[in-house]
Amino acid sequence: MATVAAEARVFLEVRRRLQSALLILGDSKEGGLPMAVSVTPSSLRMQSPGGCTELRLPAGVRLAPSSCRGLQHVPGDGLHLRLHARAECRPELISVFNQSSQAQECCTFYCQSCGEVVIRDRMLLRVLPLPGDNWGALVDEWCCHPNPFANKPLHPQENDCFTGDCFYLVNLKSDLWQPRPEGAPVETHHPSSENHPKLTPKANTKVICKRCKVMLGETVSSETTKFYMTEIIILPSERNFPIIPRSQFVQSIIAQCMVELSSARSTFRFTIQGHDDKVYILLWLLNSDSLVIESLGQSTSIQKFPVLEDVLKADASSAWNAVKVLYQPCIKSRNAELSSLWENDISVHSLTLPSTTCLELLLILSKSNATLPPSLRCMNSFQGPWSTRHNWSAGFVSPFCLVSAAMEERF
C-alpha cells in the first residue's frame, strides 16, 4: 500500500462478513474538499486543489465501484459513501500461549515491559484451560453424587500451566529464585479441608518485576502464582525475547480475550477491572470482522499521539484487522450508576488486570479515538437494555493496534 503526493485524508472500513465498506474522503486542510474522486477495484484516487492522493489497497481487498451509494458531506469529515467490498478471510488471532505447540516444551517467562526473565527453562507437560467461574455450581447441578471438587481450588502441579481468561496459574515450588510478593513476608496457615496452604488476607500478594517494578501478578498460595497475560510473554527457551511495543501488546491481549469469550460464551459486554476491585472501563463488543485502511496525508496531528507509532508507518498509511467496541470510562466516579448495573448483570463478563494496565488501556482508547474522523468518535445517546441513556465512545481493538472510534450507525 502506498500514497502518492498525499494531501487528503482517506478512511476506509471494510466489513468482511457483510461485504460492505464505509469510505470517508476529506481534505487535510480545513474547508478543502476533493474535486474529483476515482474508485477502482484496487485503489482510490482523489484530485483536490491541494494535490492528488492515491491509496492502493492491500492485496486481497477489492471494491465494487459501481455499487457506490449514500453519498453525503459531513461537516468536519468530508465525503461519506458506502460500497460493496470483498476482503480475504481474517487471519486467526495468534494466541499468546499456543497450548498445542508449547506443551511438552521448555519455556521461559519474560516480563513484557522490560524483558526480565521471570521463570527460566520451565518444562511444561500440561497446559490446560481453567473452567468458567460457575463451574462448581454446574457440577452440583448435573452430578447425582456429592461434588468431589467442593471447596478444593484448582492449583497446578510442578509442570502445569493453567490458563484463565486473562491470566496464567503456575506452580513455583521448585524455583528457588522465584519472584516474591512485594512488602512483608508471606504468612500461611494450613486449613484441614485443603491440601495446599493459603495466604492470610493480610499478606501483600503482589508479584513485582525486580527490574522495572511493574506488577506481574499475584500469589494465590504458597506454591501457586497468577501472572497476568498483559504483563508476561511465554516463549520456548531457544527463542529470543521479542521487542513488542507496549501499546500493541496490551491491545492484542484484550482483543484476543474479547473475541474468544464472545465466541465461547456469547458474551459481548465486559468490565475491565483492576486488581484493586475497581471498575475502570466498560466495553461492549460490536463486531470482530473489520479491516481498517487509512491514509493520513501530510497532517501533523497524528504526531500528538505516539501511542500508534508501531502501526503508522513513515508514509502515513496503515491497514489493520480490527474489533469494534463501544467503551465508557469509569474513573473518578464517572458512570457509577451504569457500572453498578453492569456488575450485577450476569451477562457481563469481568476481566481483571493490574490497575496500572487498566489506566494504560484507557489512555490508549482515549488517544487513538482522537485520531479518527470526528463523526466516528462517539455514539450519542446510545440506548442499552438497562433503559438509561448514555453518550458512548466506541473503538477498534486489533491484534496489531487498538484504535478507539465510535460509530453513529451500525454496519
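Presented here is a report on the structure given in the accompanying data block. (Residues numbered from 1 in each chain as written. Predicted model: local features only at pLDDT ≥ 70, side-chain atom pairs only at ≥ 80, totals over all residues. Heavy atoms only, no water.)

Under the counting rule described, the total for this entry stands at three aromatic pairs. A ring pair is formed by Tyr110 and Phe241, whose centres lie 5.2 Å apart and whose planes are at 45°; its orientation type is tilted. With Tyr110 in strand S10 (residues 105-111) and Phe241 in the loop between strand S20 (232-236) and helix H3 (246-265), the pair connects residues that are 131 residues apart, well separated along the chain. Owing to a relative accessible area of 9%, Tyr110 belongs among the buried residues under this scheme. Residue Phe241 is classed as partly exposed on the basis of its relative accessible area, which comes to 25%. Its guanidinium or amino end placed over the ring of Trp284, Arg269 lies 5.5 Å from that ring's centre, counting from NZ or CZ. Across from the ring centre of Trp342, 5.1 Å away, lies the NZ or CZ of Arg269, which sits over that ring. (Phe/Tyr/Trp six-rings, centres within 6.5 Å; stacked < 30°, edge-to-face > 60°. Helix = DSSP H or I, 4+ residues; strand = E, 2+ residues; numbered from the N terminus. Buried < 20%, exposed > 50% of the residue type's maximum accessible area, 1.4 Å probe, protein only. Lys NZ or Arg CZ within 6 Å of the ring centre and 35° of its normal.)

Before going further, it helps to examine the sheet that holds S10. Pairing is antiparallel in the open sheet, where three strands are placed in the order S11-S10-S20. Because the sheet does not close on itself, it has two edges, and the strands there are strand S11 (117-124) and S20. Along the sheet, successive strands turn relative to each other by an average axial angle of 20°, direction set aside. Here S10 runs beside S20; their pairing, made up of five bridges, is antiparallel. Bridge assignment links Tyr110 to a residue of S20, and that residue is Ile233. (Pairing = 2+ DSSP bridges. Axes fitted to C-alpha atoms, helices over the stretch in contact; angles between N-to-C directions.)

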